[in-house]
Amino acid sequence: MHKIFILFIVFFGVTSVMAQTGVDTLHARKVYYMGGTGLSFPMGKTKEALTSKLFSGSMGLDISLKNPKYFLMPTLYMLTFGYKQLVEDPDYNYMVENGRANFYMLSLAAGTRRQYDRLNSYAYVGPTIGLISEPRGNVVDNKIMLENKHAISPAVKVGFGSDYKFKGFFLGGEIGYMYNFKKIQGNPVHFMTIMVGLKSD
């Protein structure tokens, strides 16, 4: 939890500086659709159960508020990881290794941005909730039967990024950090996300 506290301090420090300068004329009264692809990197003990795997993705909206320096950014993150089961599950008779875990996380973030001509930088923070899918295995009639075990997890996400406006669209990238409040295989779950993509109205 102390990591989240530090990230909130960094976020509000960045946003307070950004909010003082840079009038945004590109996003005034606009709603943009965003789509991106990238990678997710487990951190700390999370790496004992999860590993990075190609590819992760995101899609969402960039909704400017009355003051275009501020925005809402509802975003669905679809994250894929390699998976190693560390703890036996009494409902299944085999452990899974080299499997795949999926996270479908809806972030309801708010943020602020600063404009430098056609280049924008931004930072955001917000609550997140989503579905986690972990693989499980049973042997039935000499056949390995794989299935997914699902769970709901609340989380928090912070991030920063930039985008550049071309004719008709923006090209941009962002780096984010997500902390899940549900553990996986007895370990805390937090990871860094790196996304690149397009934004258009």
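Above this text is the structure in question.
Let me sum up the structure you'll find in this document. (Residues numbered from 1 in each chain as written. Predicted model: local features only at pLDDT ≥ 70, side-chain atom pairs only at ≥ 80, totals over all residues. Heavy atoms only, no water.)

**A few points about the pairing of strand β1 (residues 31-42)**
Condition: Strands pair, by our definition, only if DSSP identifies at least two bridges between them. Helix and strand assignments come from DSSP, with helices taken as H or I runs of at least 4 residues and strands as E runs of at least 2, each series counted from the N terminus.
Sheet topology places β1 next to strand β3 (residues 56-64); eight bridges connect them, and they run antiparallel. Within β3, the residue paired with Tyr33 across the bridge is Leu61. As judged from the ten bridges shared by β1 and strand β9 (residues 187-200), these two strands associate in the antiparallel manner. Counterpart to Tyr33 in the pairing with β9 is Ser200.

**A look at the nonpolar core**
To keep it simple, the criterion reads: In plain words, nonpolar cores are sets of buried Ala, Val, Leu, Ile, Met, Phe, Trp, Tyr and Cys residues tied together by side-chain atoms within 4.5 Å. Exposure categories follow from relative accessible area, calculated using a 1.4 Å probe and restricted to protein chains: below 20% of the type maximum is buried, above 50% is exposed, and the middle band is partly exposed.
Counting 23 residues, the largest nonpolar core has Leu50, Leu79, Phe103, Tyr124, Ile184 and Phe191 as its most contacted members. Broken down by secondary-structure element, the contributors of at least two residues to this core are β4 (70-83), β5 (99-116), β6 (119-140), β8 (169-184) and β9. A total of six residues in this core trace back to one element, the largest contributor, which is β4.

**Some words on unusual backbone geometry**
In the segment running from Leu54 into Phe55, the intervening peptide bond is cis, with an omega of -20 degrees. Here Phe55 is to be found in the loop between β2 (50-52) and β3. With a phi close to 50 degrees, Asp141 is a non-glycine residue in the positive phi region. Mapping Asp141 onto the fold places it in the loop between β6 and β7 (143-166). With a relative accessible area of 67%, Asp141 lands in the exposed category.

**Quick word on a nonpolar patch on the surface**
Heads up, the rule is: Each patch is built from residues lacking any salt bridge and having more than 30% relative accessible area; the joining distance is 9 Å for like charges and 5 Å for nonpolar side chains (Val, Leu, Ile, Met, Phe, Trp, Tyr). Where accessible areas are quoted, they stem from the Shrake-Rupley method and a 1.4 Å probe; at the residue level, only the protein chains shown are allowed to cover. A carboxyl oxygen of Asp or Glu within 4 Å of a side-chain nitrogen of Lys or Arg is what we treat as a salt bridge.
A cluster of nonpolar side chains, namely Tyr116, Leu119, Tyr164, Phe166, Phe169, Leu171 and Leu198, defines an oily patch on the protein surface of about 620 Å² accessible area. Mapped onto the nonpolar patch, the elements with two or more residues apiece are β7 and β8. Of note, Phe166 is situated in strand β7. On the basis of relative accessible area, Phe166 is assigned to the partly exposed category, the value being 36%.

**Some words on the packing of aromatic side chains**
Let me state the cut-off plainly: Working definition: rings of Phe, Tyr and Trp (its six-membered ring) pair if their centres are within 6.5 Å, and the pair is stacked with planes under 30 degrees apart, edge-to-face with planes over 60 apart, and tilted otherwise. Should the NZ of a Lys or the CZ of an Arg lie within 6 Å of a ring centre and within 35 degrees of the ring normal, that charge is described as sitting over the ring.
Throughout the structure, instances matching the rule amount to nine aromatic pairs. Ring plane angle 75 degrees and centroid distance 5.3 Å describe the contact between Phe81 and Phe103, whose orientation is recorded as edge-to-face. Within this pair, whereas Phe81 is found in strand β4, its partner Phe103 is found in strand β5, the two being separated by 22 residues in sequence. Grouping residues by exposure puts Phe81 and Phe103 together as buried. The rings of Phe71, Tyr122 and Tyr124 are connected pair by pair, giving a single aromatic cluster. A cation over an aromatic ring shows up here: Lys165 above the ring of Phe170, its NZ or CZ 5.7 Å from the ring centre.

**Quick notes on the environment of Val156**
Tracing the sequence through the fold places Val156 in strand β7. The class for Val156 is buried, based on a relative accessible area of 12%. Separated by 30 residues in the primary sequence, Val156 and Gly126 have C-alpha atoms spaced 5.9 Å apart.

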